[in-house]
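Descriptive analysis of the structure
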Amino acid sequence: MEEGLLLNGTERICVDGEVALIPTPTSSPNDPLNWSPWRRYWHSLLVLVFVALTAATANDASSAGNGMNAELGITWDQINIAAGVLFVAIGYTTLLLGPAPFLYGRRISYLICLVFSVVGSIGLARTQNVRDNIWSQFFVGASESCAEALAQLSLSDLFFQHQRGLVLGLYVLATSIGTFMGPMVSSFIVDSPLGWRWVGWLAAIISGGLFVIFYFTLEETSFDRNNPIHGHDASPSNAERTSNDVALNKKEGPIASVRPTPSDRELDEERGQEKGKTYFQRIALITPSPTLVGTGFKQYGHRLLHTLRVFTFPAVLYSGLQWGAQDAWLTFYLTVETDNWYEAPWNYTDAAVGIMNVPTLIGSVLGCIYGGWFSDFFVMWMAKRNKGIFEAEQRLWLLLPVAFIGPAGLMLFGIGSDKGWDWHMPYLGLGFIGFGWGCAGDLSMAYLMDAYPDMVLEGMVGVSVINNTIGCLFTFTAQNWLDAQSLAQVFIAIGVLSFCFIMTTIPMIYWGKKCREMTRKQYEAFLLLRDGPS
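Values in this document were obtained by computation on a predicted structure and should not be read as measured data.

**Quick word on the packing of helix α9 (residues 164-191) against helix α15 (residues 314-340)**
Their axes nearest at 13 Å, the elements α9 and α15 cross at an angle of 15°. On the basis of the axis angle, α9 is roughly parallel to α15. Seen from above, α9 lies across α15 with right-handed handedness. Facing α9, whose interface residues are Val172, Thr175, Thr179 and Phe180, α15 presents Trp323, Leu330 and Tyr333. A class-by-class count of the residues in the contact of α9 with α15 yields five nonpolar, two polar and no charged.

**Digging into the nonpolar core**
Counting 110 residues, the largest nonpolar core has Tyr333 and Phe491 as its most contacted members. A total of 14 residues in this core trace back to one element, the largest contributor, which is helix α19 (residues 424-451). Each residue touching Phe491, except ones within four places of it in the same chain, is listed here: Phe332, Tyr333, Val336, Leu410, Met411, Phe413, Gly414 and Leu482. Core analysis: the next-biggest nonpolar cluster, separate from the first, contains nine residues, Ile79, Leu124, Ile189 and Trp196 among them.

**Details of the pattern of salt bridges**
Under the criterion given, the structure shown has 12 salt bridges. Among the ionic pairs, Glu219 bridges to Arg39, the shortest N-O distance being 2.6 Å. Residue Glu219 is found in the loop between α10 (197-217) and α11 (238-245), and its partner Arg39 is found in helix α1 (residues 37-59); the two are separated by 180 residues along the sequence. No difference in accessibility class separates Glu219 from Arg39, as the two residues are buried. Taking the shortest distance from any N to any O, the salt bridge between Asp450 and Arg395 comes out at 3.0 Å.

**Details of the packing of helix α8 (residues 150-158) against helix α20 (residues 456-484)**
One way to put it is that α8 packs onto α20 with a least axis distance of 8 Å and a crossing angle of 155°. When the interaxial angle is binned, α8 and α20 end up roughly antiparallel. Handedness of the crossing formed by α8 with α20: right-handed. In contact with Leu150, Gln152, Leu153 and Ser156 of α8, α20 contributes Val456, Leu457 and Met460. In terms of residue class, the contact of α8 with α20 is made up of five nonpolar, two polar and no charged.

**Considering the packing of aromatic side chains**
One pass over the full model with this rule turns up 35 aromatic pairs. With 6.0 Å between their ring centres and 15° between their planes, Trp329 and Phe501 make a pair best called stacked. Of the two residues, Trp329 sits in helix α15 while Phe501 sits in helix α21 (residues 487-502), which places them 172 residues apart along the sequence. Classification of Trp329 by relative accessible area gives buried; the value is 2%. Judged by centre distance (5.9 Å) and plane angle (15°), the ring pair of Tyr370 and Phe374 falls under stacked. Within this pair, Tyr370 and its partner Phe374 are both found in helix α17 (residues 357-385), separated by four residues, close to a single helical turn. By relative accessible area, Tyr370 is classed as buried at 18%. Overall, the relative accessible area of 34% leaves Phe374 in the partly exposed class. Taken together, the ring pairs connect Trp329, Phe332, Trp341, Trp346, Tyr348, Phe413, Trp423, Tyr427, Phe474, Trp481, Phe491 and Phe501 into an aromatic cluster. A cation sits over an aromatic face here: Arg39 above Trp35, 4.3 Å from the ring centre. Its guanidinium or amino end placed over the ring of Phe102, Arg530 lies 4.8 Å from that ring's centre, counting from NZ or CZ.

**So, the environment of Gly200**
Within the secondary structure layout, Gly200 lies in helix α10. Each C-alpha atom of the pair Gly200 and Ser117 lies 9.9 Å from the other, and the pair is 83 residues apart in sequence. Those residues within four positions of Gly200 in sequence are excluded, and the remaining contacts are Ser121, Leu124 and Ala125.

**Examining the environment of Asp418**
Relative to the assigned elements, Asp418 resides in helix α18 (residues 402-419). For Asp418, a relative accessible area of 29% translates into the label partly exposed. The spacing of Asp418 and Gln489 is 71 residues in sequence and 9.2 Å in space, taken between C-alpha atoms. Not counting chain neighbours up to four residues away, the residues in contact with Asp418 comprise Ser486, Leu487 and Ala488.

**Topic: the side chain of Gln152**
By secondary structure assignment, the location of Gln152 is in helix α8. On the basis of relative accessible area, Gln152 is assigned to the buried category, the value being 1%. For Gln152, the side chain forms a polar contact with the main-chain oxygen of Glu148, separated by 2.9 Å. Those residues in contact with Gln152 that sit more than four places away from it in its chain are Ala147, Leu168, Tyr171, Met445, Met449, Val456 and Met460.

Calculation rules
Residues numbered from 1 in each chain as written. Predicted model: local features only at pLDDT ≥ 70, side-chain atom pairs only at ≥ 80, totals over all residues. Heavy atoms only, no water. Axes fitted to C-alpha atoms, helices over the stretch in contact; angles between N-to-C directions. Helix = DSSP H or I, 4+ residues; strand = E, 2+ residues; numbered from the N terminus. Parallel < 35°, antiparallel > 145°, perpendicular 65-115°, else oblique. Left-handed = near helix turned anticlockwise from the far one by under 90°. Contact = heavy atoms within 4.5 Å. Nonpolar A, V, L, I, M, F, W, Y, C, P; charged D, E, K, R; others polar. Core = buried A, V, L, I, M, F, W, Y, C linked by side-chain atoms within 4.5 Å. Buried < 20%, exposed > 50% of the residue type's maximum accessible area, 1.4 Å probe, protein only. Salt bridge = Lys/Arg side-chain N within 4 Å of Asp/Glu carboxyl O. Phe/Tyr/Trp six-rings, centres within 6.5 Å; stacked < 30°, edge-to-face > 60°. Lys NZ or Arg CZ within 6 Å of the ring centre and 35° of its normal. Polar contact = N/O pair within 3.5 Å; in protein donor to acceptor, adjacent residues only side chain to side chain.

Structure representation (structure tokens):
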């Protein structure tokens, strides 16, 4: 297959033993891929801290639940309703904010979400009744929306495709740190003289401090990579050419140019005049898209409706299912920790229950290394065996062992909690659960980004909606299921479900490329309608 005909998700990344850089770097000093290492690493660190913080605030209300129950009489059923609202707020705020990064730049969305985090955290600290708790969780959920899709886009702005597994591994690691360390830190606060309300106050203080740091040091990474003024060091990738240089005719394929092509002389003159942005330009509150018309409200609505098309791509459905299942199981084992381990034979305190998140975090760290750093080496090895051609499905082979490890962890923890086992085996189960958490999210999202590299944000928006809808459904039903059956029965059942969900990887390995071929024109049309004249 000629390089110019390579399918999305199929790239020639090894040429004569060397790694081809995808996307192709430009000669512009404003290209994030040309930033100095310290600028890229600082930006990445800020994004990852944001991801960890919002994951922590989204999960720390469970630690405050006992205090709410004792002081305010809020029942656990009502607390679970608030948790379900949180999932809805995460998924659908992600959808509603989806067009903003393309029209107004990345920065403004992060700052809005940090404001949401401050409001939601203060709401938690000042909760007096069920309504207050629900509203606080709504804003806390909305604050996490940027961590669901925009964070991946920001990180992909800064790194090449062959580094994607490592980058997403760090993203999932940050999510894991927040998800598992947030409840642990909160449990120590609840056990301290400060009391449960300081779970919210501390989150508000940290969120406010991070807002200031973001405002003055988070640089804008939006960049029109296909603008011919910037120039390229090599020919652009197939996806880049498709999304910006051609218009699609449904019957005959690409037939016409979207934008006028300046002469080589004009381009050379403009490239020579291009300068790096000033500090204040790099931290502008809004960086309008070159295609923005007026306030962009009409374009915003157009893009929002257009984003709904992502649900017709099989890779989006697959990735949403894998990540959503992890959120679903999270509800079950966190509920069991807070409901059962305070009683005999363990008689845990709030702090001891919080420490139960440590084995899960250790497992997720190992999972992120396996699904992130190691997966990059694995796909490079697979590509070399495939004459230098990388196929998106090559990464999915690494998910097959997870289909056994994750479900085994759920069963070990559930049966051990039901039978009153000593802590060793249930904790081992939590470690296995964490490993599955780290791998499933990392590998499935990396697959989606590999398959549709120019649709990262919209793809992750689709994943977030599916993921959080699944999480919401299981949150509303978890307590009823746990009441209706023994812990052993419930966790054996969700272990089997987890196995079945992850094993959908097998059809994706064998038919994923066929799905990409079938959706190629659909993908090209999606990019054209998104980036073409409104």
